[in-house]
Amino acid sequence: MKRVPSDEYPAPVALSRDELVDLGGWAVLKEARGLVEAGAVKELAWEGKLLRGSIQLGGQPFYPRLNLRSLTFAESQCNCRLGRQGFVCAHAIALCLRSAELERNAELESQERDRNDEPEGHPPSDPRPQSLVLSQAKGLPLDLRILLPPNLSRVASRDAIAVKIDARISSQWIPLEKIDRGRAYRISQTEKVALALVESWCGGQLHGLIQLKRSQLGELLQCVSGQPIAFWANRPDVALVWEDRTLQGVHEFLKKEQPLLEPAHANNQPEKLARIGRQPDIDIGRSLPNSPDRSLAVDQAGAVTVDGSTQYLAITVHSREHPHYREIINLLRTSGFRLEPSNRRWWMRDRHKTLAFLAEYRNQLETRFGATFTPNFRERSTALQSVAVTCSIRADGEDYAVHLKLEAGPIDESAIHSALTRGSPYVEDGERIYLIEPHVVSRLESVQQSLSGERHRSVTTSFRKRLQTRDLRDAEDLIEEVTGSVETPESWQKRSAALKGVGNLRPAPVPEALDKRLRSYQRIGTAWMWHLYGHGLAGILADEMGLGKTIQALALIACVRQWRSADSSILVVAPAGLLENWRREALRFVPELRAFVHHREKRLSESGAFRDWDLVITSYGTLARDLNLFRCVRFSLVCVDEAQHVRNRATLHARALCELQTQGKVMLTGTPIENTLEDVRSLFAFLMPGYLERVPSGIRGEDRAWYDQRHLVKVAPYLLRRRKSSVAPELPARIEQTIYCRLTPEQSERYRRYYETEQRRIFELEMSGASEQRVRFAALTLLLRLRQICADPRLVDPEAKPSESGKLAVFRELVDEALAEGHRVLVFSQFVSMLSLLRSHLEEGAIPYLYMDGSTRDRVELAEQFNMDSTFPVFLISLKAGGIGLNLTGADTVIHYDPWWNPAVESQATDRAHRIGQTKVVTSMRLVMAESVEERVLALQSSKRALLDELLDAGESAGANVGLDDVKEILGF
């Protein structure tokens, strides 16, 4: 098998098992593993991020192509049944598995070569000391110093240089041999290399006082070149100064006398230094694993010769050594060719079969197998042409009329349709023969199904579709897929070009004062929303938490207000807890706009009153209650914040939004999908009604997957998601830790008794024929109580003692340590009763704190107080009350006392501290009770993460839709 990476992209795309499952599913992955184990992968090649290859196991060969430019919208093609429909098939996944296997083998071979190349007695090229435990996350800082003898000039010539090496741990210098081997340490790469070298000289151990030769000391100093790490032993407080990679007064004494030259020196070759910490030298004459096989093109040239005409074919396969030899032979046999032993040619003497074979395989013979077509064949097959797919587009008012058709010269459309119906691979017009290539027809059928939204639509020779502006981006990709290129009207290009890449956007007309406060990525986000608004479109700004979705929305609002009539106001709908935050942000960034909060007792009473305000801010609940008032107003723009609150289109809040009259719409949310694709379908039911085709009820399997894939592709241009790591690299790092706690004996016994009693009761319910809803409720109640026992037994039994809680003891230690080191802490729990217990603990220890739960009204004021007043080192917050909408950059430590189903919710809570304005590293700690339901919750979080990854390629959120089977899995039933 030949593997041909691209010169431009020599490194293949690495995919994890979970990512492969996301692409194809468990069943497809299992089938793909079987193909790889059976040796069915005959060839694979990377072309940029496009993976192609061939699969063959016994019968027909398959040629999958997988474009991995985005894992969210991976594009797959294959000549198998699934591949023709655009699904990721087992053949494509098999290529990914085999590619990963080749990469691992290549890396192992490279490591083995490096080990063989190392000088005897030296550590490997990527060294680390084996006698120390290293951990960059949890290790103690460790620094080195090298103490050189003051009499170096005298002892160097004898190759007996006594060198002392000390380690500094917790501000104290100690010899290397006195380092506590029971602790973990954090050291720099430079010092790691140096210690590995010392270990190699000391028989795998570390000694603080060693005697070195000149060459050895030179190697040691080469490892730490440029670092202030070398000292004279009699002046350990003044580091020696490096000049041009040398130490004055040291390196001049490490040179060997010139007469004692090695043979290599005589050939003008430099002395080979130990390659500690460097990349291995490259042998350009060696065939490297990642270099293209340049013999492939030579092998392919002339390997197959095709002779014949439109009546027959005679094919010669020249060499058994050709990489595609078996594949070509199998293709000829399965297509009906017969080998003539006398001339070693493969013959086909049936006209219909000949034309059918050429229709399906002619291009593949030339492009894939490098076939040579004889002059005789070319001369006698000039009548052959291919049926072409053409596309015409014309503007029709605000819409566009698209016409796709199969054309075969002057042949009537009905004749082509008749040939398709009969399964004939060609049509004739006198001497002209038009081949109907199966892959072209298959691709056209797929495009017609996608444009029409009809999963089982059969291909037709002529297809017409009227497209609205919102359909253009998706339609353009589909049409280009089947025609190769398409000429679109200028107005089409203007509307869709910016959706191909945000780099094509024109800046939005943001007021100058506000524009100066925007970051570059925020200007792009505003321009993206402004482009959608200007063309009657809508979208979801789904930036990662902390990147400033609110200020981008306010910039859009300012643009709209300048452009639209003053008689039309703008509406913002947000959770009730965020209304004051919106009012303050509007006052801060767009003070020129008149803003009114329509909530509680301060509410407008008639539709005409809306004209007095530029910006009206209301809650979901108030909107639903006052819907008769709001539906009478036509807004310039409706901005929906924290849009995940209406991910269920059947709720009163979602239905109320859909009844609003507005010129434009935009939604803000960091988690547009939490459970299923129905979430995002619900959002688009408000944003662009009718844009996503209705999913027929009751469908499953491949049919359901087809609609899901279509909707994922269609929403992509109208969803903008950026991450902190890519647009705000100035943000400090976030360190996440899971700290496992142990149940105390009393707590463990209480947990066990409750579990066994309730398990029996649930089992009896199921045996008695109780409804699934009743069983699920009982199981969820048990799960809730077990999680409360894990948090603190007092949540289920007020008579329990504080000492029974193992997690509370860990919490006390963490808080005490954090406060001792000057950190400020956010503590999140979903149990308000647990926060009350923690509150009592802090009061007993005289620790100042602030507190927030669902009953707290002055959330923003509390947040500002915490940020401004460092005398409050701890902030206790219920997860739902403080998980969104707050800026708490005054904290640098976050403790999640109990884990929640959805890691996206926990991540949002942590992002209260890890957002723009933060100057410190944020440490997030999650307390999890080992060997309990809490530990099983973590496993559920991992399995629920795939869906949001597929939509956003985010890889950091998951669903919270927990069913009975999930609950049973957590409970261990």
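Residues numbered from 1 in each chain as written. Predicted model: local features only at pLDDT ≥ 70, side-chain atom pairs only at ≥ 80, totals over all residues. Heavy atoms only, no water.

Things to note about the packing of helix 14 (residues 438-452) against helix 15 (residues 472-483)
Packed helix pairs are specified by the crossing angle of their axes together with the interaxial distance, meaning the distance between the axes. Using the following cut-off: In this description, a line fitted to the C-alpha atoms serves as the axis of each element, helices being fitted only across the stretch in contact, and the angle between N-to-C directions of two axes falls anywhere from 0 to 180 degrees. Going along the chain from the N terminus, every DSSP run of H or I of four or more residues is numbered as a helix, and every run of E of two or more is numbered as a strand. Any angle that is under 35 degrees is reported as roughly parallel, and any over 145 degrees as roughly antiparallel; angles of 65 to 115 degrees are reported as roughly perpendicular and all others as oblique. Less than a right angle of anticlockwise turn of the near helix away from the far helix marks a crossing as left-handed, whereas a clockwise turn marks it as right-handed. The contact criterion used throughout is that any non-hydrogen atoms of two residues lie within 4.5 Å. Following the grouping adopted for this structure description, the nonpolar residues are Ala, Val, Leu, Ile, Met, Phe, Trp, Tyr, Cys and Pro, the charged ones are Asp, Glu, Lys and Arg, and the polar ones are all others, Gly among them.
Closest axis-to-axis distance for the helix 14/helix 15 pair is 9 Å, and the angle between their directions is 165°. Our classification of the angle between helix 14 and helix 15 gives roughly antiparallel. Crossing handedness for the pair helix 14 and helix 15: left-handed. Across the interface between the two elements, Val440, Arg443, Leu444, Val447, Ser450 and Leu451 of helix 14 pack against Ala475, Leu478, Glu481 and Val482 of helix 15. Within the contact of helix 14 with helix 15, the residues separate by chemical class into seven nonpolar, one polar and two charged.

Focus on the sheet that holds strand 7 (residues 140-141)
Counted only if it meets this: Note on pairing: DSSP must find at least two bridges between two strands before they are called paired.
Reading across the sheet, the three strands line up as 6-11-7 and stay open at both edges, with parallel pairing between neighbours. Across the chains shown, the open sheet's two edge strands, defined by having one partner strand only, are strand 6 (133-134) and strand 7.

Concerning the sheet that holds strand 26 (residues 432-435)
In spatial order, the strands read 22-26-25; together these three strands make up an open sheet with mixed pairing. Single-partner strands in this sheet number two, and they are strand 22 (384-386) and strand 25 (426-429). Averaged over all adjacent pairs, the angle separating strand axes in this sheet is 30°, with direction ignored. Across three bridges, strand 22 lies against strand 26 in parallel orientation. Paired with Leu384 across the bridge in strand 26 is Ile433. Sheet strands touched by helix 11 (residues 351-367): strand 22, strand 25 and strand 26. Its angle to strand 26, the strand with the most contacts, is close to 50°.

Considering unusual backbone geometry
Heads up, the rule is: Exposed residues in this analysis have more than 50% of their type's maximum accessible area, buried residues have under 20%, and partly exposed residues fall in between, with area computed by a 1.4 Å probe over protein chains only.
Of note, the phi angle at Asp159 is positive, near 55°, even though the residue is not glycine. Among the structural elements, Asp159 can be located in the loop between helix 5 (152-155) and strand 9 (161-169). For Asp159, a relative accessible area of 26% translates into the label partly exposed. At Glu931, a position not held by glycine, the phi torsion is positive, near 55°. Following the sequence through the fold, Glu931 ends up in the loop between strand 42 (922-929) and helix 34 (933-943). You can call Glu931 exposed: its relative accessible area is 60%.

A word on the side chain of Arg722
For clarity, the threshold we go by: Pairing of N or O atoms within 3.5 Å defines a polar contact, subject to two protein rules: one partner must be a possible hydrogen donor and the other a possible acceptor, and residues neighboring in sequence count only if both atoms are side-chain atoms.
Assignment of secondary structure puts Arg722 in the loop between strand 36 (719-720) and helix 26 (724-727). Overall, Arg722 belongs to the buried group, its relative accessible area being 9%. Engagement of the side chain of Arg722 in a polar contact is seen with the backbone oxygen of Tyr521, the distance being 3.0 Å. Side chain to side chain, Arg722 and Gln552 meet in a polar contact 2.9 Å long. Non-local contacts of Arg722, meaning those with residues more than four positions away in its chain, are made with Tyr521, Ile524, Gly525, Leu541, Asp543, Glu544, Leu547, Gln552 and Val727.

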